[in-house]
Each structure stands twice: as structure tokens, then as C-alpha cells.
Amino acid sequence: MRIFEQVESQVRGYVRSFPAIFDRAEGALLFDEHGNRYIDFFAGAGTLNYGHNHPLITEAMIEYLKGNSIIHGLDMATSAKRDFLQTFVNTILEPRNMEYKVQFTGPTGTNAVETAIKLARMVKQRSNILTFTNGYHGLTMGSLSVTGNSFYRDESYGVRANTDFMPFDGYLGEGVNTIDYIRKVLSDASSGIDLPAAVIVETIQGEGGINVASAEWLQELEKLCRDFDILLIIDDIQMGNGRTGSFFSFEESGIRPDMITLSKSLGGGLPMSILLMRPELDQWQPGEHTGTFRGNNLAFVAATQALKMWEDDSLTKQVLQYGEVVKAAMEDIVAEHPDLNLSIRGRGMAWGLDFGAPDLASKISAIAFEKGLIIETAGADSSILKFLAPLVIDPDLLNEGLEIIKESVREFTK
Ligand code: PMP
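A short tour of the structure in this document, coming up. This one's a predicted model, so the numbers in the text were calculated from it and none came from an experiment.

What to know about the overall build of the protein chain
Summing up its helical and strand segments, the protein chain has 12 helices and 17 strands in all. On C-alpha atoms alone, the protein chain measures out to a radius of gyration of 21 Å, which is about the 22 Å that the 2.2 N^0.38 rule sets for 414 residues. In terms of overall dimensions, the protein chain has C-alpha extents of about 60 × 55 × 45 Å along its principal axes. Evaluated residue by residue, the protein chain yields a buried proportion of 52% over its 414 residues. When contacts within the protein chain are restricted to residue pairs at least 6 apart in sequence, those whose partners lie at least 24 apart make up 72%. For the protein chain, the accessible surface area stands at approximately 18,500 Å², while carbon and sulfur atoms represent 50% of it. For the protein chain, the centre of its 36 positive side-chain charges and the centre of its 56 negative side-chain charges are spaced 3 Å apart.

Quick notes on the layout of surface pockets
Taken as a whole, the second largest pocket encloses approximately 530 Å³ of empty space. Forming the walls of the second largest pocket are 24 residues, and the residues nearest its centre are Asp-75, Gln-103, Phe-104, His-289 and Thr-290. Ranked by the residues each element gives to the lining of the second largest pocket, the list is headed by strand β4 (residues 101-106), at four residues. In terms of residue class, the lining of the second largest pocket is made up of eight nonpolar, 10 polar and six charged.

Points about the site of the ligand
Every residue lining the ligand is accounted for by Thr-108, Gly-109, Thr-110, Tyr-136, His-137, Gly-138, Glu-202, Glu-207, Asp-235, Ile-237, Gln-238 and Lys-264. One of the backbone N or O atoms of Thr-110 is found 2.9 Å from an oxygen atom in the ligand. Within the backbone of Tyr-136, one N or O atom sits 3.4 Å away from a nitrogen atom of the ligand. If the ligand stood free it would expose 390 Å²; the protein chains cover 87% of that surface.

As for the environment of Ser-190
With respect to the helices and strands, the residue Ser-190 is situated in the loop between α7 (178-187) and β7 (198-201). When its relative accessible area of 63% is taken as the criterion, Ser-190 is described as exposed. When the C-alpha positions of Ser-190 and Gly-267 are compared, they lie 46 Å apart, and in sequence the two are 77 residues distant.

Describing the nonpolar core
Counting 90 residues, the largest nonpolar core has Phe-41, Phe-88, Phe-248, Phe-387 and Ile-393 as the members making the most contacts within it. In terms of residue count, helix α9 (residues 297-307) provides more of this core than any other element does, eight residues in total. Sequence-distant contacts of Phe-248, defined by excluding residues within four places in its chain, comprise Phe-88, Ile-92, Leu-93, Arg-96, Met-98, Asp-236, Ile-260, Leu-262 and Leu-276. Of all hydrophobic cores here, the second largest spans 19 residues; its members include Ala-116, Ile-237, Leu-275 and Leu-281.

Some words on the sheet that holds β7
One open sheet holds the seven strands; their spatial order is β4-β12-β11-β10-β7-β5-β6, and the pairing between them is mixed. Only two strands of the sheet have a single partner each, and these edge strands are β4 and β6 (163-166). Sheet twist, expressed as the average angle between the axes of neighbouring strands with direction ignored, equals 20 degrees. Bridge count for strand β11 (residues 259-262) against strand β12 (residues 273-277) is four bridges, and the pairing is antiparallel. The partner of Leu-262 across the bridge, within β12, is Ile-274.

Side note on the environment of Met-98
Counting through the fold element by element, Met-98 comes out in the loop between α4 (79-93) and β4. Take Met-98: its relative accessible area is 6%, and that puts it in the buried class. Sequence spacing of Met-98 and Arg-278 is 180 residues, and the spatial spacing of their C-alpha atoms is 8.9 Å. Excluding its chain neighbours within four sequence positions, the residues that come into contact with Met-98 are Leu-93, Phe-248, Phe-250, Arg-256 and Ile-260.

Considering a nonpolar patch on the surface
Residues Tyr-171, Leu-172, Val-176 and Tyr-181 make up a contiguous nonpolar surface patch of about 390 Å² in total accessible area. Along the chain, Tyr-181 turns up in helix α7.

Some words on unusual backbone geometry
Of note in the backbone geometry, Asn-53 takes a positive phi value of approximately 50 degrees without being a glycine. Positive phi is not limited to glycine here, since Asp-359 has a value of about 70 degrees. Mapped onto the elements, Asp-359 comes out in the loop between β14 (350-354) and α11 (360-370).

A short note on empty space enclosed by the protein
Counted according to the given criterion, the structure contains one cavity of 30 Å³ or more. Approximately 40 Å³ is the volume attributed to the largest cavity. Along the walls of the largest cavity sit Arg-153, Asp-154, Glu-155, Gly-158, Val-159 and Arg-160, which together make up its complete lining.

So, helix α12 (residues 395-413)
Side chains that are three or four residues apart share a direction in an α-helix, a result of its 3.6 residues per turn. When the terminal C-alpha atoms of α12 are compared, their 28 Å separation across 19 residues agrees well with the 27 Å that a helix rising 1.5 Å per residue should span. When α12 is considered as a whole, its buried residues turn out to be Leu-397, Leu-398, Gly-401, Leu-402, Ile-404, Ile-405, Lys-406, Ser-408 and Val-409. If you follow the buried residues of α12, they end up packed against β2 (29-32), β3 (37-40), α10 (314-336), α11, β15 (373-374) and β17 (384-387).

Points about the packing of α11 against α12
Where α11 contacts α12, the axes come no closer than 9 Å and their chain directions differ by 115 degrees. Seen from above, α11 lies across α12 with right-handed handedness. Taking contact as the criterion, the partners of Leu-360, Lys-363, Ile-364, Ile-367 and Ala-368 in α11 are, on α12, Ile-404, Ser-408, Val-409, Glu-411 and Phe-412.

Thresholds, definitions, all that
- Residues numbered from 1 in each chain as written.
- Predicted model: local features only at pLDDT ≥ 70, side-chain atom pairs only at ≥ 80, totals over all residues.
- Heavy atoms only, no water.
- Helix = DSSP H or I, 4+ residues; strand = E, 2+ residues; numbered from the N terminus.
- Rg over C-alpha atoms; globule rule 2.2 N^0.38 Å.
- Buried < 20%, exposed > 50% of the residue type's maximum accessible area, 1.4 Å probe, protein only.
- Contact = heavy atoms within 4.5 Å.
- Areas by Shrake-Rupley, 256 points an atom, 1.4 Å probe, with all protein chains shown as cover.
- Lys, Arg positive; Asp, Glu negative; His and termini not counted.
- Charge placed at Lys NZ, Arg CZ, Asp CG, Glu CD.
- 1 Å grid on protein atoms, 1.4 Å probe; cavity = no way out; pocket = protein on both sides within 12 Å on 5 of 7 lines; lining within 4 Å.
- Points joined across faces, edges and corners; volume = space filled by probe spheres on them.
- Nonpolar A, V, L, I, M, F, W, Y, C, P; charged D, E, K, R; others polar.
- Near = heavy atom within 4 Å.
- Polar contact = N/O pair within 3.5 Å; in protein donor to acceptor, adjacent residues only side chain to side chain.
- Core = buried A, V, L, I, M, F, W, Y, C linked by side-chain atoms within 4.5 Å.
- Pairing = 2+ DSSP bridges.
- Axes fitted to C-alpha atoms, helices over the stretch in contact; angles between N-to-C directions.
- Patch = residues over 30% accessible without salt bridge, like charges linked within 9 Å, V, L, I, M, F, W, Y side chains within 5 Å.
- Salt bridge = Lys/Arg side-chain N within 4 Å of Asp/Glu carboxyl O.
- Expected span 1.5 Å × (residues − 1).
- Left-handed = near helix turned anticlockwise from the far one by under 90°.

This is how it looks when you write it as C-alpha cells:
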């Protein structure tokens with residue numbers, strides 16, 4: 001603990017919730033410098049769907065490094081890049097009958113979002129973008145402009161122009177169809193809303209509190225986009241890569257977005273982001289939207305290995321099965337504490353336990369940390385405990401972690 005405080009006093013680090021210095025990790029476990037063990041239900045906010053140091057991914061990277069292979073290959077085709085693309089097409093796109101072009105957008109999620117917004121504007125020659133309440137798409141200027149949380153948005157950033165926020169599914173209460181509202185304001189000149197180039201949306205809002213859009217809502221949103229000639233961008237950065245059971249989070253709804261952003265777990269733990277676009281949207285000249293670190297070859301190697309886990313449906317089955325275990329545990333917590341007015345929501349291996357009051361979830365998270373569990377909060381006022389364990393977690397660890405949450409809530413209410 002002393003070392004942690006020393007580090008924090010010397011530099012401004014990205015260390016908020018978990019006061020320890022971590023130095024080893026394996027699967028769904030993290031160990032701090034003193035050998036204390038923590039179960040990881042945070043998993044890099046959905047970056048570690050395959051866990052820490054998955055043996056197959058690590059082995060592939062070691063082999064690659066040992067071979068004097070190319071790490072950086074700006075503007076060059078490399079064997080690692082080709083293998084990634086081939087695997088992505090063969091394992092992910094073709095079996096789903098998806099015809100998309102891949103653009104390498106940079107190391108991190110926001111890079112893919114920036115690319116999607118910029119391309120939509122160029123293709124449609126319109127600047128307005130529709131986005132949603134509680135959405136999170138990143139914190140650089142373009143992605144921040146479509147991120148719906150005033151905590152991140154200072155007036156001085158000038159990110160208000162050319163975006164309009166619309167109510168997400170469920171935002172206006174049970175049974176209110178927010179698509180009808182959007183349709184109305186788009187058709188009505190008095191709303192002052194310019195016809196957008198694109199709509200950007202998460203199927204389940206991760207940072208916003210595990211708010212789940214229904215399949216029907218997504219279908220209606222797609223229809224609205226077609227009717228008004230608006231591009232539909234699905235931001236699958238947090239909920240893609242199998243988090244909901246299927247590789248893409250929108251598969252169950254049957255929609256076909258015009259663009260899809262992917263990052264986080266795509267690189268098997270290494271930084272990488274891509275934009276998938278319908279082929280006819282590939283309208284930039286080569287070099288018109290580029291940057292130096294777009295496609296790290298070691299990340300291609302890790303990603304290729306990770307994608308191979310989707311060659312059969314065993315991971316999908318496991319996610320759905322584990323999801324039921326998590327849901328049941330959360331239902332137990334809700335039933336055990338009627339006075340707290342808790343509620344749960346989620347799908348696959350993404351679940352939120354809503355405490356309905358600011359900062360309560362943060363207190364539970366802090367108690368859980370003391371008991372050896374890492375779990376983050378979400379929502380505009382941090383009122384949701386967000387479950388995002390690795391998809392490959394050992395079932396015993398899953399149950400142990402869920403027990404810690406139960407004990408932490410009990411301890412809190414004592
Ligand atoms: N989109 C979504 C849905 C995200 O969850 C995030 C990150 N939490 C981002 C975009 C931004 O990604 P990054 O932090 O890697 O820039």
C-alpha cells in the first residue's frame with residue numbers, strides 16, 4: 001500500500017479504484033506485488049475477453065518475436081497483417097454472410113469511432129450525427145462529441161456542434177418507443193434537427209450502465225436509418241468480440257449496420273482497433289485518412305490467435321451458460337435485499353446490478369476489492385456495479401467472485 005501511495009503522489013496515473021501495484025496475471029486472476037490474489041471481473045473494461053495471458057495467444061506472440069518478425073510496417077503489407085485479414089474474413093465475416101471492408105484505424109477504440117464519424121460525413125456530405133443518451137464512444141474530440149455524459153464534456157472543448165442526442169431504448173420509461181420520437185423530430189422542420197449523416201449506437205451501453213437495447217428497437221432503428229438515408233454505425237468496441245455470446249453483439253437482432261467499430265478484446269489484449277464498412281463506403285483515396293501506428297503486427301498475431309477461438313461455437317455456448325450463472329447470482333442478491341430496491345439487466349457475460357442511488361456501487365466495489373475481487377462501476381452517477389469477467393473464466397472462480405459480491409452487499413447493509 002505504501003508503494004502505491006508513493007507512485008500516486010509522484011505521477012498522475014490512471015489508478016482510481018484499486019489501490020495496489022499489480023504485477024502478474026493469469027486468466028481471470030491478477031496478483032499484486034505482495035502476492036495477493038484478485039479475481040478480475042473488470043477485465044480491462046471488456047479488453048480481456050480471453051483473459052490475461054491466454055496461453056495460446058502468448059505462445060503465438062513469443063514465436064513471432066523469436067523469428068525477427070516485423071513489428072512495425074507502416075503502409076506495408078506484412079504476413080501478420082495478411083494472416084489476420086484472412087482469419088477475420090474466414091472465421092468471422094464469411095460464416096455470417098457479412099461483406100465488409102476492414103480499415104485499420106489505430107491502437108485504441110476512439111480511433112475507430114473517429115474514423116467512422118469522419119467517413120460518414122464525407123460519404124453523405126452532411127455533418128450532423130445522431131447519438132444517444134448515456135452512450136460512450138471515447139474521449140477524443142470527435143468521439144467525445146457523441147459521448148453522452150456531461151462529466152467528460154467541458155464547454156471549452158467545442159464538441160457540441162453537429163451532434164444531437166436522442167433517447168436510448170428504455171430512456172423514456174417502459175413501453176415508450178423512442179424510435180417514434182426520433183422519426184417525428186427528423187420529419188418535423190420545427191425540431192431544428194438537421195438530417196444526420198449517421199447514427200452511432202451501442203447495442204448494450206457499457207460505460208452508460210449496461211442499458212440493453214432490445215432486438216426490436218435495433219431493427220426499428222435500422223429501418224429508420226434506411227427510410228431517411230442515414231448510415232447506421234454500431235459501436236461494438238465493448239460489447240463485441242463475443243461479450244454477449246455471439247461475436248458481434250447485434251447478431252441476434254439480424255440487423256446489418258453500415259459500419260461497425262471494433263477494438264478492446266479484438267487484439268487479444270494488445271491495442272488495436274478497426275472499422276468495418278460496407279464495401280461501397282470505402283471512398284477515401286489511399287492515404288487520405290491514415291496515421292503511423294495503424295496495425296501493430298504483434299497485435300495482428302495475438303488477434304489472429306484469438307479469432308481462432310470462434311472457429312466453432314464452444315465459446316458462444318460457454319458465454320450463454322455462464323451468463324445464466326451470473327444472472328441467477330444477481331437475482332439472489334436482489335431477492336435478499338428487498339429494501340435496497342435493486343434491479344439487474346444484461347445479456348451474455350455483460351451484467352449490471354443497479355443500486356439506484358449515486359455511489360452505492362462504488363462502495364460495494366471497494367468492499368469487494370478488500371475481499372479479493374476487482375469489479376468496476378458504470379452509469380452517469382456510478383450507481384451500477386458492472387460485471388465483465390473474462391469469457392474464459394474458470395467456473396470455480398466465477399462462482400467465487402459472485403460469492404464475494406454477495407458478501408460485500410451483505411457487509412454493506414449490516
Ligand atoms: N466505444 C465504446 C463502446 C467503449 O466502451 C469505449 C471504451 N470504454 C470506447 C468506444 C473508446 O475506446 P478507447 O477507450 O479504447 O478509446
